[in-house]
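Below are the chains, spelled out letter by letter.
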Amino acid sequence: MFKELDAQRLVALFVGGWLLFNFPLLGLWDRAESLLGVPLFPAALFLLWGLVIAAMAWLMERPGSRHLEE
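Residues numbered from 1 in each chain as written. Predicted model: local features only at pLDDT ≥ 70, side-chain atom pairs only at ≥ 80, totals over all residues. Heavy atoms only, no water.

### Comments concerning the overall build of the chain
Stage number 1. What the chain contains, in helices and strands, is 3 helices and 2 strands.
Stage number 2. Traced from its N-terminal end to its C-terminal end, the chain shows the element sequence α-α-β-β-α.
Stage number 3. The burial tally for the chain puts 17% of its 70 residues in the buried class.
Stage number 4. In the chain, the share of contacts with a sequence separation of at least 24, taken over all contacts with a separation of at least 6, comes to 59%.
Stage number 5. Working note: accessible area of the chain is about 5,700 Å², and carbon and sulfur atoms make up 72% of it. (Helix = DSSP H or I, 4+ residues; strand = E, 2+ residues; numbered from the N terminus. Buried < 20%, exposed > 50% of the residue type's maximum accessible area, 1.4 Å probe, protein only. Contact = heavy atoms within 4.5 Å. Areas by Shrake-Rupley, 256 points an atom, 1.4 Å probe, with all protein chains shown as cover.)

Here you go:
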């Protein structure tokens, strides 16, 4: 089983990701601008998605974090 604090952090990351990819915050990126030749909306989606994955990887693999009870 996950330790309580690790599970709470993963739930918080899920809720944060859910809010990031929901309409009110996602609508901030829907503009007719571009970032290095890529439209801003797809670039923001890709970068936010990558940040959520990186945060989850960091939470799961950080040193000293033990996820299974022994």
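### Examining unusual backbone geometry
Stage number 1. Positive phi, normally seen in glycine, also occurs at Leu-36, with a value near 55 degrees.
Stage number 2. Position of Leu-36 relative to the elements: it lies in the loop between β1 (34–35) and β2 (38–39).
Stage number 3. Classification of Leu-36 by relative accessible area gives exposed; the value is 84%.

### Side note on the packing of aromatic side chains
Stage number 1. Following the criterion strictly, the structure yields 1 aromatic pair and no others.
Stage number 2. Between Phe-46 and Trp-49, the aromatic rings sit 5.9 Å apart at their centres with planes inclined by 45 degrees, giving tilted as the arrangement. Of this pair, Phe-46 and Trp-49 are both found in helix α3 (residues 40–61), 3 residues apart, which corresponds to roughly one turn of the helix.
Stage number 3. A residue is classified by how much of its surface remains accessible, and Trp-49, at 47% relative accessible area, is partly exposed. (Phe/Tyr/Trp six-rings, centres within 6.5 Å; stacked < 30°, edge-to-face > 60°.)

### Side note on a nonpolar patch on the surface
Stage number 1. Together, Val-11, Phe-14, Val-15, Trp-18, Leu-19, Leu-25, Leu-28 and Trp-29 give the surface a local cluster of nonpolar side chains, amounting to about 800 Å² of exposed area.
Stage number 2. Looking at the nonpolar patch, the element that brings in the most residues is helix α1 (residues 4–20), giving 5 residues.
Stage number 3. Leu-25 sits in the partly exposed class, given a relative accessible area of 40%. (Patch = residues over 30% accessible without salt bridge, like charges linked within 9 Å, V, L, I, M, F, W, Y side chains within 5 Å. Salt bridge = Lys/Arg side-chain N within 4 Å of Asp/Glu carboxyl O.)

### Regarding α1
Stage number 1. The terminal C-alpha atoms of α1, which comprises 17 residues, lie 24 Å apart, in line with the 24 Å expected from a rise of 1.5 Å per residue.
Stage number 2. Here α1 has its buried residues at Asp-6, Leu-13 and Gly-17. The arc that holds every buried residue of α1, seen down its axis, measures 30 degrees, which confines them to one face. Turned more than 90 degrees off the buried face of α1, the exposed positions are Glu-4, Val-11 and Trp-18. (Expected span 1.5 Å × (residues − 1). Arc of directions from axis to C-beta.)

### A short note on the environment of Met-60
Stage number 1. With respect to the helices and strands, Met-60 occurs in helix α3.
Stage number 2. Each C-alpha atom, one on Met-60 and one on Asp-6, is 8.1 Å from the other, the two residues being 54 residues apart in sequence.

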